[in-house]
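Coordinate inspection notes
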Amino acid sequence: MPYEHLKFSRESPLTDRHKRQDKRPRFRPDDPRAYGTALRLTFYEARQRAAAEDISGYDDRILFKVQLREDATVPALGDIPGVELVSQEDKSVVLAFADQNGLAEFESRLSSLARDGTATRADLFYALQSFDHWTPEDRKGAALQQHGFPSSDTFILDIELWPMERLDRRNAMLTAFLGWLREHGIEKLDELQQPSLVMARVRCTREQAEVLLLHHRDVRTVDLPPRTGVAVEVLVADINQLPQPSPPPEEAPAIAV
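A brief structural summary. (Residues numbered from 1 in each chain as written. Predicted model: local features only at pLDDT ≥ 70, side-chain atom pairs only at ≥ 80, totals over all residues. Heavy atoms only, no water.)

**Digging into the overall build of the protein chain**
- Per the secondary structure count, the protein chain includes 8 helices and 8 strands.
- For the protein chain, the proportion of its 257 residues judged to be buried stands at 35%.
- Just so you have it, the protein chain exposes about 17100 Å², and 50% of that area is on carbon and sulfur atoms. (Helix = DSSP H or I, 4+ residues; strand = E, 2+ residues; numbered from the N terminus. Buried < 20%, exposed > 50% of the residue type's maximum accessible area, 1.4 Å probe, protein only. Areas by Shrake-Rupley, 256 points an atom, 1.4 Å probe, with all protein chains shown as cover.)

**Some words on unusual backbone geometry**
- Look at Asp-71: it is not a glycine, yet its phi comes out positive at around 70°.
- Looking at where Asp-71 falls in the secondary structure, it is placed in the loop between β1 (62–68) and β2 (83–90).
- Residue class for Asp-71 comes out exposed when judged on its relative accessible area of 72%.
- Although it is not a glycine, Arg-121 sits at a positive phi angle of roughly 50°.
- Position of Arg-121 relative to the elements: it lies in the loop between α2 (100–116) and α3 (122–126).

**Here's the deal with the sheet that holds β2**
- An order of β2-β3-β1-β4 is seen for the 4 strands of this open sheet, with the pairing classed as antiparallel. The sheet is open, and its two edges are formed by β2 and β4 (128–132), each paired on a single side. On average, each strand axis in the sheet is tilted by 25° relative to the strand beside it, whichever way the strands run.
- Both β1 and strand β3 (residues 93–98) contribute to a ladder of 6 bridges, which runs antiparallel. Its bridge partner lying in β3, Leu-63 is registered against Phe-97.
- Across the sheet, helix α1 (residues 32–53) touches β1 and β4, and the angle it forms with β4 is around 20°. (Pairing = 2+ DSSP bridges. Axes fitted to C-alpha atoms, helices over the stretch in contact; angles between N-to-C directions. Contact = heavy atoms within 4.5 Å.)

That is the geometry; function is a separate question.
What follows is the structure, encoded as C-alpha cells:
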C-alpha cells in the first residue's frame, strides 16, 4: 500500500539585528560589605582545602567549585584575568581553574567588596553563593555511588578528566596524567581524547582509587565501567545463521532513507 512521505519545511534563519537586553532585575545584596566578607571567607577556605587535599594536576592552577545563587545565570568569570571556566555540572555549580594571577584578582576584588562595598565587576560576585573545591564524593560517578567499589583485589574503573578546548592543554593534561598513573603503579588499559571528552580506563586497587584517583585535580569523575556490551560470539556470528525477523503489522508506519 502507498505511504505518504514525511514533509520537511525549510527553516528560515533568524535575522534579528538588535541584541535583546536582559531586563530582569539584577540582584544586589542589602549589605554588599557583609556579602563580600562571607564570600571571601568561603574563597579562603576552598583555597586551603584544595591545596591540602587535592593532588596537583598538569599545571599549578587551583580548581574551584563555584556555587551560584538560586536562579542566577552563569557569570562571565572567564573575563577575570587568570580564570578559566571548565565545566558546568548543573544549574547552580560551575568549575573554574585559577592561576596565581586569577587568585590574586579574586582576592583583590573580594577584599575591595568586603571593605568598600564595591569592586570591579561586582555583578560577577553577586551571582555567586560560595566557593568550594571538587571533593572525592563529587568525583564519584553514578554507578560507583550506587554500587560502591568491587570487592576484588583489583578492578577496572573509567576515569574522566576535565574537558579542554585547546589541543595543547588536552595533550599536556593527558600525557601528565598517564605518566602519573605509571608512577603510582596504576595500569592503564585504554584512553580516549576528544575536545569534549578525555577518558582513561584503568585497573587499580581500592586504596589507589580512594587515596589517589579520587583526589587528583584533573579527574572529573571516577566510575565503574558499563555492564552492558556485545558478547564476542555475537561479533563473530555468521549473518546467515541469524533468524528471519517477524514481519511488521499491516498498519505499521514506514520510514525509509
